[in-house]
Amino acid sequence: RNLHEAAKQILNDYSGEFPSTYAEIRKLKGVGDYTAAAIASFAFKLPYAAVDGNVKRVGARYFGLDTPINASSFTRCLTEILQKNIETTQHPDLFNQAMIEIGATVCIPQNPKCSRMWPPATPAITAPISTPAISSASATACLMDSTVESMFTTTPLRRPREGFVPIPTMSS
């Protein structure tokens, strides 16, 4: 039903052309923040962080956030962190795809493979998420200076047939 209403909106309000800004996409019937960000990023290369369940799981573990991942304050906090970082990249679509894929293939709900990806010093990455919340003594719910950039510059990776393997760098 919402898809049909959105199609009528596009026809009537945008002369049959799909809207090309986040704000316009977000106004379509049935389109929420995640869908609008994903469309803006993937279709139009606009820098909007697409925060779905996979991305929330990655963020909760990597940053060690105590706030339940289903809380709106968690989503706002993580979106703000990711938004600051996606605005600095030339490829927001690849940034979002990478975050979603890490959550879908590595940082999975049960038996996560996160520890193969990030150094052991990262506190909360190996905890399975069986409830909406993840605890970490070092976390201060949504008040941190962490950047996503550190997630991708800590340990370069290459993907073999099975899992992820760190690539040696000049500093290692």
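Procedures and definitions
- Residues numbered from 1 in each chain as written.
- Predicted model: local features only at pLDDT ≥ 70, side-chain atom pairs only at ≥ 80, totals over all residues.
- Heavy atoms only, no water.
- Helix = DSSP H or I, 4+ residues; strand = E, 2+ residues; numbered from the N terminus.
- Expected span 1.5 Å × (residues − 1).
- Buried < 20%, exposed > 50% of the residue type's maximum accessible area, 1.4 Å probe, protein only.
- Axes fitted to C-alpha atoms, helices over the stretch in contact; angles between N-to-C directions.
- Parallel < 35°, antiparallel > 145°, perpendicular 65-115°, else oblique.
- Left-handed = near helix turned anticlockwise from the far one by under 90°.
- Contact = heavy atoms within 4.5 Å.
- Nonpolar A, V, L, I, M, F, W, Y, C, P; charged D, E, K, R; others polar.

Q: Explain helix α5 (residues 72-86) to me, using residue names and the numbers behind them.
A: Under the 1.5 Å per step criterion, the end-to-end length of α5 is 20 Å for 15 residues, consistent within 8% with the ideal 21 Å. Among all positions of α5, only Phe-74, Cys-77, Leu-78, Ile-81, Leu-82, Gln-83, Asn-85 and Ile-86 are buried.

Q: So what's going on with the packing of helix α3 (residues 33-44) against helix α6 (residues 92-105)? Residues and values would help.
A: Where α3 contacts α6, the axes come no closer than 8 Å and their chain directions differ by 130 degrees. Here α6 runs oblique to α3, going by the angle between their axes. You can see that α3 and α6 cross each other, and the crossing is left-handed. Contact with α3, carried on its side by Tyr-34, Ser-41 and Phe-42, involves Pro-92, Asp-93, Asn-96, Gln-97 and Ile-100 of α6 and no other residues of that element. Considering only residue class, the contact of α3 with α6 consists of four nonpolar, three polar and one charged.

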